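Survey of secondary and tertiary structure
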Amino acid sequence: MRNNQLLKEKILESIAAVVPITAIVLLLSISITPLRTGTFLLFLFGALMLILGMGLFTLGADMAMIPMGEGIGVSLSKSRKLIIPLVVCLVLGILITMAEPDLQVLAEQVPAIPNLTLILTVAAGVGIFLVAAELRMIFKIPLSYTLCFFYLIVFVLTFLTPKTFIPVSFDSGGVTTGPMTVPFIMALGIGMASVRSDKNSSNDSFGLIALCSIGPIFSVLILGVFYSPEEAVYTAKTLAELSTTKAVAAEFMRAFPIYMKEVGIALLPIILLFVVFQLLSRRFHKIMLLKIISGLLYTYFGLVLFLTGVNVGFMPAGQYIGMQIAGSSQRWFLLPIGMLIGYYIVKAEPAVKVLTKQVEEVSNGSISQKSIEHSLSIGVALSVGLSMLRILTGISILWFLIPGYAVSLILTFFVPQIFTGIAFDSGGVASGPMTATFLLPLAMGACEAMGGNILTDAFGIVAMVAMTPLLTIQLLGLSGNIRSRVMKKRMTIRLSSVEDCIVYFDEED
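Figured I'd write up the structure that's included with this text. A quick note: this is a predicted structure, and the numbers were derived from the prediction, not measured. (Residues numbered from 1 in each chain as written. Predicted model: local features only at pLDDT ≥ 70, side-chain atom pairs only at ≥ 80, totals over all residues. Heavy atoms only, no water.)

**Focus: the overall build of the protein**
When helices and strands are tallied, the protein shows 19 helices and zero strands. Relative to the 2.2 N^0.38 estimate, which gives 23 Å for 509 residues, the radius of gyration of the protein is 24 Å and therefore close to what a compact globule would have. In terms of overall dimensions, the protein has C-alpha extents of about 90 × 55 × 55 Å along its principal axes. The buried share among the 509 residues of the protein stands at 57%. Taking as baseline every contact in the protein between residues at least 6 positions apart, the subset at least 24 positions apart corresponds to 87%. For the protein, the computed accessible surface area is about 21500 Å², with 67% contributed by carbon and sulfur atoms. (Helix = DSSP H or I, 4+ residues; strand = E, 2+ residues; numbered from the N terminus. Rg over C-alpha atoms; globule rule 2.2 N^0.38 Å. Buried < 20%, exposed > 50% of the residue type's maximum accessible area, 1.4 Å probe, protein only. Contact = heavy atoms within 4.5 Å. Areas by Shrake-Rupley, 256 points an atom, 1.4 Å probe, with all protein chains shown as cover.)

Structure (structure tokens):
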């Protein structure tokens with residue numbers, strides 16, 4: 001009964017998140033971008049799957065992924081031998097990343113490099129940077145210093161890598177921190193930090209996703225330098241011509257086994273690692289184990305429904321809408337429409353709910369879920385608007401990424417450290433499957449209609465979505481910091497005035 005009530009609450013939250021983006025697409029379909037019948041039906045069925053899948057996934061993350069991650073994190077932090085947590089982090093990062101379904105998509109985008117070579121390189125990047133994140137927490141190195149150091153190296157590498165390779169490299173940072181890895185790695189960081197009793201322990205609860213997002217960018221850029229690929233071609237999917245509800249249902253039925261297999265492969269490393277951990281530590285009792293098993297089932301079926309819905313239902317709609325708007329005489333509508341879609345689509349990212357809940361719990365309610373969600377929405381809206389501007393004008397992505405990251409890194413020295421961790425974590429969380437399967441096809445469809453270079457102009461939208469939340473959330477922290485200082489100053493003035501009055505009356509007496 002308890003689980004049924006929780007599932008009902010999660011599904012209601014999912015409805016609130018998915019309905020706005022669904023309404024926007026429906027309005028577009030009856031106005032400036034009429035959708036074909038098959039594409040429209042795919043989108044509607046996809047939206048229903050999104051709602052149910054997101055509800056199941058978020059419930060499963062609460063029941064299984066978060067307790068598992070926190071339990072392993074606590075045990076690793078208590079280990080007296082430094083080598084043990086470092087090896088576990090390396091293996092964990094590599095295995096989870098290799099199992100990410102979206103990494104296969106990235107490999108197909110770069111035919112100049114063998115798929116296995118690219119997958120292993122990206123996985124090694126995540127594993128190494130997860131180790132770096134653990135070392136940062138152990139030696140209490142400020143996150144701002146670590147981020148500045150690694151991003152400086154990353155941007156130096158961009159001048160050595162072929163131009164056509166740069167957007168794919170930055171997109172890889174968002175692709176590899178998907179809904180499977182984010183809840184687990186975030187909980188792992190919270191578990192590691194919870195053992196410490198110093199004043200910075202809560203601040204260090206965040207930042208693992210931030211550093212793990214740099215790993216793929218770093219490794220793919222190095223791979224680009226090493227291989228010096230002359231081109232990296234992406235072949236866009238041809239939109240299916242579907243005219244009946246039977247054909248639409250068949251399209252989803254064809255996709256279900258594919259995503260059941262992919263999600264199963266993605267979950268397997270986490271399950272195996274947890275089994276080994278439980279056998280060695282005996283940390284969880286029988287009732288908790290049953291709850292975790294139930295949570296894993298919710299997570300599995302939720303992700304299968306979610307990924308099937310977005311890949312089969314949302315991807316064709318995004319691509320078709322982009323083509324229709326960019327191919328019309330009102331192509332500049334791409335900017336406001338893209339920004340509106342971006343504002344609401346991030347609310348439907350499954351890992352966003354996990355992040356905002358974790359932030360509110362760790363901060364004891366001082367940073368609310370709504371404030372983080374609003375900041376993320378503004379950031380993603382801005383990033384999609386800039387991405388559409390790039391498609392319309394052909395401006396290089398580096399004109400946005402370099403200033404954006406430069407300002408973000410400067411802000412790390414002026415905002416509370418917890419906001420730095422949350423902001424850089426949110427970049428990886430915001431650029432999830434909804435971005436890859438709706439916003440990216442939207443950009444690709446628009447770019448194709450305008451005859452642009454899909455690789456340099458359309459790709460990079462994931463990187464932009466990963467960048468702008470860094471600015472908006474840090475600005476949220478900066479404004480809060482300024483308000484706090486102003487309030488303290490006012491209180492000091494008032495106390496000083498009260499003390500002066502007391503002294504005055506004492507002298508009169």
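**Structural notes on the side chain of T146**
Along the chain, T146 turns up in helix α6 (residues 143–158). On the basis of relative accessibility, which here comes to 10%, the residue T146 falls in the buried class. Here the side chain of T146 touches P142 through a polar contact of 3.2 Å, landing on its backbone oxygen. Beyond its immediate sequence surroundings of up to four residues, T146 is in contact with R136, I141 and L211. (Polar contact = N/O pair within 3.5 Å; in protein donor to acceptor, adjacent residues only side chain to side chain.)

**Observations concerning the nonpolar core**
Grouped together as the largest cluster of nonpolar side chains are 154 residues, with contacts concentrated most on L147, F170, I341, L401, F438 and L439. Sort the elements by how many residues they give to this core and helix α2 (residues 37–78) lands first, with 19 residues. If we skip the residues at most four places from it in the chain, I341 touches I21, I24, L28, F438, L439 and L442. (Core = buried A, V, L, I, M, F, W, Y, C linked by side-chain atoms within 4.5 Å.)

**Structural notes on the pattern of salt bridges**
Tallied over the entire structure, the rule returns four salt bridges. For the salt bridge of K10 with D62, the shortest nitrogen-to-oxygen distance reads 2.7 Å. With a gap of 52 residues between them, K10 in helix α1 (residues 2–29) and D62 in helix α2 connect regions that are remote in the sequence. Among the ionic pairs, K357 bridges to D62, the shortest N-O distance being 3.0 Å. In this pair, K357 sits in helix α13 (residues 350–362) while D62 sits in helix α2, placing the two residues 295 residues apart along the sequence. Residue class for K357 comes out partly exposed when judged on its relative accessible area of 27%. Via salt bridges that share partners, K10, D62 and K357 belong to a single interconnected network. (Salt bridge = Lys/Arg side-chain N within 4 Å of Asp/Glu carboxyl O.)

**Notes on the packing of aromatic side chains**
Applying the stated rule across the entire model yields 17 aromatic pairs. Their ring planes at 70° and their centres at 6.1 Å tell us that F45 and F252 sit as a pair that is edge-to-face. Residue F45 is located in helix α2, and its partner F252 is located in helix α10 (residues 245–281); the two are separated by 207 residues in the primary sequence. With relative accessibility at 35%, the residue F45 sits in the partly exposed group. For F252, a relative accessible area of 4% gives the class buried. (Phe/Tyr/Trp six-rings, centres within 6.5 Å; stacked < 30°, edge-to-face > 60°.)

**Comments concerning the packing of α6 against helix α16 (residues 417–430)**
Remark: α6 packs on α16, axes separated minimally by 9 Å, with the N-to-C direction vectors making an angle of 40°. Judged by the inter-axis angle, α6 sits oblique to α16. Taking contact as the criterion, the partners of L143, L147 and Y151 in α6 are, on α16, Q417, T420, G421 and F424. Classifying every residue of the contact of α6 with α16 gives four nonpolar, three polar and no charged. (Axes fitted to C-alpha atoms, helices over the stretch in contact; angles between N-to-C directions. Parallel < 35°, antiparallel > 145°, perpendicular 65-115°, else oblique. Nonpolar A, V, L, I, M, F, W, Y, C, P; charged D, E, K, R; others polar.)

**Describing the packing of helix α7 (residues 166–175) against helix α9 (residues 208–227)**
α9 packs onto α7 with a crossing angle of 150° between their chain directions and a minimal axis gap of 7 Å. Between α7 and α9, the angle is such that the two are roughly antiparallel. Between α7 and α9 lies a crossing whose hand is right-handed. Residue-level contacts link S169, F170, S172 and G173 of α7 to S213, P216, I217, V220 and L221 of α9. (Left-handed = near helix turned anticlockwise from the far one by under 90°.)

**Side note on the layout of surface pockets**
The calculated volume of the second largest pocket comes to roughly 240 Å³. Contributing to the lining of the second largest pocket are I72, S75, L76, S79, I84, V88, L273, V276, F277, L280 and S281. Of all the secondary-structure elements, those providing two or more residues to the lining of the second largest pocket are α2, α3 (83–99) and α10. Sort the elements by how many residues they give to the lining of the second largest pocket and α10 lands first, with five residues. Looking at side-chain class alone, the lining of the second largest pocket contains eight nonpolar, three polar and no charged residues. (1 Å grid on protein atoms, 1.4 Å probe; cavity = no way out; pocket = protein on both sides within 12 Å on 5 of 7 lines; lining within 4 Å. Points joined across faces, edges and corners; volume = space filled by probe spheres on them.)

**Notes on unusual backbone geometry**
Its identity as a non-glycine residue notwithstanding, K140 has a phi of 55°, on the positive side. You can see K140 is positioned in the loop between α5 (115–138) and α6.

**Structural notes on a nonpolar patch on the surface**
A cluster of nonpolar side chains, L82, I138, F139, I141, Y145, I410, F413 and F414, forms an exposed patch at the surface whose accessible area comes to about 810 Å². Note that L82 resides in the loop between α2 and α3. (Patch = residues over 30% accessible without salt bridge, like charges linked within 9 Å, V, L, I, M, F, W, Y side chains within 5 Å.)

**Some thoughts on the environment of P162**
You can see P162 is positioned in the loop between α6 and α7. Counting along the chain gives 65 residues from P162 to Y227, while the straight-line C-alpha distance between them is 10.0 Å.

**A word on the side chain of Q278**
Mapping Q278 onto the fold places it in helix α10. If near-sequence neighbours (up to four positions away) are discounted, Q278 is found in contact with R283, F284 and L289.

**Looking at empty space enclosed by the protein**
What the rule picks out here adds up to three cavities of 30 Å³ or more. Considering only enclosed or pocket space, the largest cavity measures out at about 120 Å³ in volume. What lines the largest cavity is a set of 14 residues, and nearest its centre among them are Y151, S213, Y405, G428 and A466. Mapped onto the lining of the largest cavity, the elements with two or more residues apiece are α7, α9, α16 and α19 (461–508).

Everything listed is a geometric property; what it means functionally is a separate question.
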